[in-house]
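What follows is the residue order along each chain.
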Amino acid sequence: MTDSRLTAILILQEIIENKSFASDARLRFEKEAGNDAFVTMLLQTTLRRMLPLRRILGLFVKRKLPAQAKFAHYALLLAATEILWLETPDYAVINSYVGLVKKKLDKYIAGFVNAVLRKIAADAKNLAQTNTSEFFPPEFRRILNVSYSRKTVREIENVFINQPELDLSCKAEPQLWAQKLNARLLPTGTLRLSGQGNPAKWPGYADGAWWVQDFAASLAVKTLGEDLSKQKVLDLCAAPGGKTAQLLSKGAEVTALDISAPRLERLRENICRLQLPLPQIICADAVSYLQNLPKPCFDAVILDAPCSATGTLRRHPEIIHIKNLADVEKQAAIQKEILAVVERAVKPGGFLVYCVCSLARAEGEEQMTGFLKQHPTFFPRRLNAIIPAAVSEILTPEGYIRTLPCHLKKFGGTDGFFVACLQKGQ
Ligand SMILES: C[S@@+](CC[C@H](N)C(=O)[O-])C[C@H]1O[C@@H](n2cnc3c(N)ncnc32)[C@H](O)[C@@H]1O
């Protein structure tokens, strides 16, 4: 456990100070990794409750710790999380973190950490309950304020604090797999499981019967309909291959392109595990590839563009600490560059599916407004016939899909996502 706590301190410091995704930060500290599930739970709870935690620590830590003692600051955050919300026995938490600080820094700072943690433990019940309704730091809140009303931002914040369930997409027979995995079947065929654990050990994983994919992310390919046999589809920004797998299981002839060779390797492994036919795989920049295409030769193009990933905040709570408006603007500029040339791949009468796992309208709805102005031959496909009535709250008047984490509450929520399916005129 001590090793796991040390790993958690180092990962948290990396996330906050270098604005790293948790998955990247974990890779840096792989060697120290101890009890994996414990580190995940500890980090996620701390990242979700960072604002209340900082307020609580502020009651007891009156002076800023010196720069070289940052380690103690992150130790305090994690230790307080354990005492207040994870119900680990206080003495075990305090001994363990004080020991780590003593080893890394010195006995004086360790003594200070000890005193602070004892005070927190003494008043834990009260402290755990006070001031716990605001979770988004101002920089992140600004992203949402630009796109949504205060009420909607508040609703997103309310659901952010809960651990989301896990969603799976099946290659076939979702009803059968729902039974085998004791999962709920959502109206679009996604399986939803509340259980924790390692999916790689669940029935059907080794046989490639299903893959992990959020309900919202699964909608993009669904906009193209059920049978894609004999359809040539270009999957741009394809890795690690969630949408590629959907396209292949619907019978499409797929070209999967991504700029990252390691991520394409993961795509290849995923498609092999699922025992689907390998697509044509291209490692390239989407813009250069599209600029060099001699003529439009695809029946459909999926552009799952690089984005701020703000829609995945429930699963990746570090997002609220590492993303700001400048990130949204940067990603929007990259999306615009790809959108400016993507039309070159779509045959007349063919489809362009544009999607992002972002909450910012600048990366979704507003990109489409700009695209349609510049490409008047394209028009939005009406999705009412494709999206079941039970989830119709996610359809916009323009004919797009916009999901927010506070949508579909009766099913347990969803990631934030934007999907537009546009058809090119003949
Ligand atoms: C949102 S992820 C794609 C997820 C994937 N479509 C799926 O369903 O599993 C975005 C991907 O865009 C890729 N990417 C970023 N910039 C790119 C570019 N200029 N050209 C091609 N791919 C790019 C990244 O490497 C990343 O794999």
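Worth saying up front: this structure is predicted, and the values here are computed from it rather than measured.

Definitions and limits used
Residues numbered from 1 in each chain as written. Predicted model: local features only at pLDDT ≥ 70, side-chain atom pairs only at ≥ 80, totals over all residues. Heavy atoms only, no water. Pairing = 2+ DSSP bridges. Helix = DSSP H or I, 4+ residues; strand = E, 2+ residues; numbered from the N terminus. Buried < 20%, exposed > 50% of the residue type's maximum accessible area, 1.4 Å probe, protein only. Arc of directions from axis to C-beta. Near = heavy atom within 4 Å. Polar contact = N/O pair within 3.5 Å; in protein donor to acceptor, adjacent residues only side chain to side chain. Areas by Shrake-Rupley, 256 points an atom, 1.4 Å probe, with all protein chains shown as cover. Domains from an automatic or database assignment. Contact = heavy atoms within 4.5 Å. Buried area = accessible area lost by both parts, 1.4 Å probe. Salt bridge = Lys/Arg side-chain N within 4 Å of Asp/Glu carboxyl O. Nonpolar A, V, L, I, M, F, W, Y, C, P; charged D, E, K, R; others polar.

(A) Spatial organisation of the sheet that holds strand β3 (residues 191-193). Judged by pairing direction, the sheet is antiparallel, and its four strands sit side by side in the order β2-β3-β1-β4 without closing on themselves. Here the strands that pair on one side only, and so sit at the sheet edges, are β2 (184-185) and β4 (210-212). Note: β2 against β3, two bridges, orientation antiparallel. For L185, the partnering residue across the bridge sits in β3 and is L191.

(B) Helix α18 (residues 365-374), seen in detail. Buried within α18 we find E365, Q367, M368, F371 and L372. Projected down its long axis, α18 carries its buried residues within an arc of 150 degrees, all on one side. Facing away from the buried side of α18 by over 90 degrees, the exposed positions are K373 and Q374.

(C) Structural detail: the site of the ligand. Surveying the vicinity of the ligand reveals 17 residues, the closest of which are D258, R263, D285, A286 and D304. In the model, an oxygen atom of the ligand is placed 3.2 Å from a nitrogen or oxygen of the G241 main chain. The separation between a nitrogen atom of the ligand and a polar main-chain atom of A286 is 2.9 Å. About the coverage of the ligand: the protein hides 83% of its 600 Å² of free accessible area.

(D) Inspection of the domain arrangement of the protein at higher detail. Here the domain parsing of the protein yields domain 1 (2-129) and domain 2 (214-424). Each of domain 1 and domain 2 has a C-alpha centre, and the two are 38 Å apart. Listed by partner, the interface residues are ten residues for domain 1 and ten residues for domain 2. Of the roughly 900 Å² buried at the junction of domain 1 and domain 2 (both faces included), carbon and sulfur atoms supply 64%. Of all residues in domain 1, K19, F21 and L47 give up the largest surface area on contact with domain 2, accounting jointly for 53% of the area buried on that side. Where domain 1 meets domain 2, there are zero salt bridges. Every element with two or more residues in the side of domain 1 that touches domain 2 is listed here: α1 (2-18) and α3 (36-48). When residues of the side of domain 1 that touches domain 2 are assigned to their parent elements, the largest contribution, three residues, is made by α3. Residue classes in the side of domain 1 that touches domain 2 are distributed as six nonpolar, two polar and two charged.

(E) Focus on the pairing of strand β9 (residues 346-356). In terms of burial, β9 is a largely internal element, nine of the eleven residues being buried. Pairing geometry for β9 and strand β12 (residues 417-424), over six bridges, is antiparallel. Bridge pairing in β12 places V353 opposite C421.

(F) Examining the pairing of strand β1 (residues 166-170) more closely. Burial analysis of β1 places four of its five residues in the buried class, which makes it a mostly covered element. Of the strand pairs in this sheet, β1 and β4 are connected by three bridges, and their pairing is antiparallel. If you follow C170 over to β4, its bridge partner there is W210.

(G) Focus on the pattern of salt bridges. For the coordinates displayed, the defined rule picks out 21 salt bridges. One salt bridge in this structure joins K250 and E226, with 3.2 Å as the shortest N-O distance. With a gap of 24 residues between them, K250 in the loop between α13 (242-249) and β6 (253-258) and E226 in the loop between α12 (219-222) and β5 (232-236) connect regions that are remote in the sequence. The residue R315 makes a salt bridge to D415 at a minimum N-O spacing of 3.3 Å. Taken as a pair, R315 in the loop between β8 (298-304) and α16 (319-322) and D415 in the loop between β11 (401-403) and β12 lie far apart in primary sequence, 100 residues in all. Residue R315 shares its accessibility class with D415, and that shared class is buried. Linked through salt bridges whose partners overlap, the residues forming this network are D214, R314, R315 and D415.

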